[in-house]
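# Notes for the structure review
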Amino acid sequence: MPDHASATPSAASRPADGHTIARWCAREGWPVHPLAPAQKTPPANCADCKVHHAPATCPCRNAGRWCHGFHAATTAPGLIDAWWSTQPRFGVGVSCGPAELVVLDVDAHAAQVPERARLLPGIPIGPQVDLAGLATGFDTLALLAALRGEQDPAADETTLRVRTPSGGLHIWYRNPDPATRYRSSTGSSPRTALAWQVDVRSDNGYIVAPGVRTAAGGYVPVSAAREPAPLPAWLAAELKRTGHVPEAVSASLAPSGAPVPMRRSRPATKAAERLLEPLLAEVTACRTVREGASFTEKLNRAAYTAGGLVEGGHLSGADARSLLAETARTARPHQERRNFMVIESALSAGAQRPLHPRGSS
């Protein structure tokens, strides 16, 4: 971000102004748009847009106006100079998708902690896990990282991290694969969420630029890193698992009642079949018991075992997903998205421990 000492006459004076921050972001290749003075939301649209204008067909952008928030974001120096000259008190928003950014917005809001199933969507958290003291997105993100054996992103000193006025944290990452697009989401969403109180800002989303000040306080970088590091592979996998990659979800979830395509790259060994069959039978048996059958636990156990077999070379990944998805659909046909999340999470966890059943060659 812009050096406060070089952006102003004195390092002890006020922070860099919005214009300076906007120009710095543009040089980084991040399209920017104005935020209302002292606020973290875009300024009001023009009179025509207040009535009705679809962003895709709105003439305002071609006319050099900032209507529709992040849809108007630009790196053009002339527009940036004109916008912040018109209103020097504008803040700065960065449109994350065009900037190839994936930002984790970790909240620390006082809120009622939801049931365990909603803390880390798709990952069953058993009663043996002590959740005493869990209260914010910092806790759920740390729990996710611990379950995956990875570093907590909130402590990742290799990437740009920005403390928010509410005590939260923005963790900035660069999307290393522009062909893969990521949805934006909120951590409270019942459909697409990475973790409770952890929002994702990417396509169709924006983030407040570092250095901006609002009425609530400043967005202040922590540690020395001032550039986003590449998105870690394990986080990319988690975003895919939780439905943040639209193509991955649509390809992996067939409509209810439709067959899941099976692509056999190599046949399952007899030993793998013997090990999986009773576990899949337990999942199938849940069909006759609508509640209290421990369906998620049984599906998780079967998928975890399948993950170990795949990594051990006794079963193909495509076959494992097909078998698990078909079995889960038989027992719980109306929750395919949830089934998918459980399967993907458990397969990933099982792959960490390759399995070689007795009788395998």
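The rules behind the values
Residues numbered from 1 in each chain as written. Predicted model: local features only at pLDDT ≥ 70, side-chain atom pairs only at ≥ 80, totals over all residues. Heavy atoms only, no water. Core = buried A, V, L, I, M, F, W, Y, C linked by side-chain atoms within 4.5 Å. Buried < 20%, exposed > 50% of the residue type's maximum accessible area, 1.4 Å probe, protein only. Helix = DSSP H or I, 4+ residues; strand = E, 2+ residues; numbered from the N terminus. Contact = heavy atoms within 4.5 Å. Pairing = 2+ DSSP bridges. Axes fitted to C-alpha atoms, helices over the stretch in contact; angles between N-to-C directions. 1 Å grid on protein atoms, 1.4 Å probe; cavity = no way out; pocket = protein on both sides within 12 Å on 5 of 7 lines; lining within 4 Å. Points joined across faces, edges and corners; volume = space filled by probe spheres on them. Nonpolar A, V, L, I, M, F, W, Y, C, P; charged D, E, K, R; others polar. Polar contact = N/O pair within 3.5 Å; in protein donor to acceptor, adjacent residues only side chain to side chain. Expected span 1.5 Å × (residues − 1).

Another aspect to go through is the nonpolar core. With 31 residues, the main nonpolar core has L104, I171, L194 and L231 as its most contacted residues. For this core, the secondary structure elements donating two or more residues are β3 (101-106), α5 (137-148), β5 (169-174), β6 (198-201) and α6 (233-241). Counting residues per element, this core draws most heavily on α5, at five residues. Beyond its immediate stretch of four places on either side in the chain, L104 contacts L141, P153, L169, H170, I171, L194, V198, D199, V200 and L235. Counting residues in hydrophobic clusters, the runner-up holds 28 residues, among them A22, A72, C96 and A99.

Let us now look at the environment of A224. One can find A224 in the loop between β10 (220-222) and β11 (229-230). For the pair A224 and R161, spaced 63 residues apart in sequence, the C-alpha separation works out to 9.2 Å.

Turning our eyes to something else, we now look at unusual backbone geometry. Here the phi dihedral of Q197 falls at roughly 65°; this positive angle occurs in a residue that is not glycine. Within the fold, Q197 resides in the loop between β5 and β6. Judged by relative accessible area, which is 7%, Q197 ranks as buried. Even without being glycine, S223 reaches a positive phi, approximately 65°. Looking at the secondary structure, you find S223 in the loop between β10 and β11. On the basis of relative accessibility, which here comes to 33%, the residue S223 falls in the partly exposed class.

On to the sheet that holds strand β1 (residues 32-35), then. Taken in spatial order, the three strands line up as β1-β2-β7 in an open sheet, and their pairing is antiparallel. Of all strands in the sheet, those bounded by a partner on one side alone are β1 and β7 (206-208). When the angles between neighbouring strand axes are averaged without regard to direction, this sheet yields 35°. Alignment of β1 against strand β2 (residues 91-95), held across four bridges, turns out to be antiparallel. Paired with H33 across the strands is G93, a residue of β2. Where helix α2 (residues 18-27) meets the sheet, it contacts β1 and β2, and its direction lies at approximately 20° from that of β2. The strands that helix α4 (residues 77-86) touches are β1 and β2; relative to β1, the one it contacts most, it runs at about 5°.

This part covers the layout of surface pockets. In this structure, the largest pocket encloses a volume near 610 Å³. What lines the largest pocket is a set of 25 residues, among which I123, P124, N300, S345 and A349 lie closest to the centre. Those elements that provide at least two residues to the lining of the largest pocket are α5, α6, α9 (295-311) and α11 (336-350). Top contributing element to the lining of the largest pocket by residue count: α9, with five residues. Of the residues assigned to the lining of the largest pocket, the class counts are eleven nonpolar, nine polar and five charged.

So, on to the side chain of S185. Looking at the secondary structure, you find S185 in the loop between β5 and β6. Owing to a relative accessible area of 6%, S185 belongs among the buried residues under this scheme. A distance of 2.7 Å separates the side chain of S185 from the side chain of H244, its partner in a polar contact.

Relative to the helices and strands, S95 is located in strand β2. With sequence-adjacent residues up to four places away left out, S95 is seen in contact with P31, H33, F70, A73, G205 and Y206.

The subject of this paragraph is helix α10 (residues 317-331). The end-to-end C-alpha separation of α10 is 21 Å, in line with the 21 Å expected for 15 residues at 1.5 Å each. All of the buried residues along α10 are D319, A320, S322, L324, T327, A328, R329 and A331. In the core, the buried residues of α10 are packed alongside α8 (270-285), α9 and α11.

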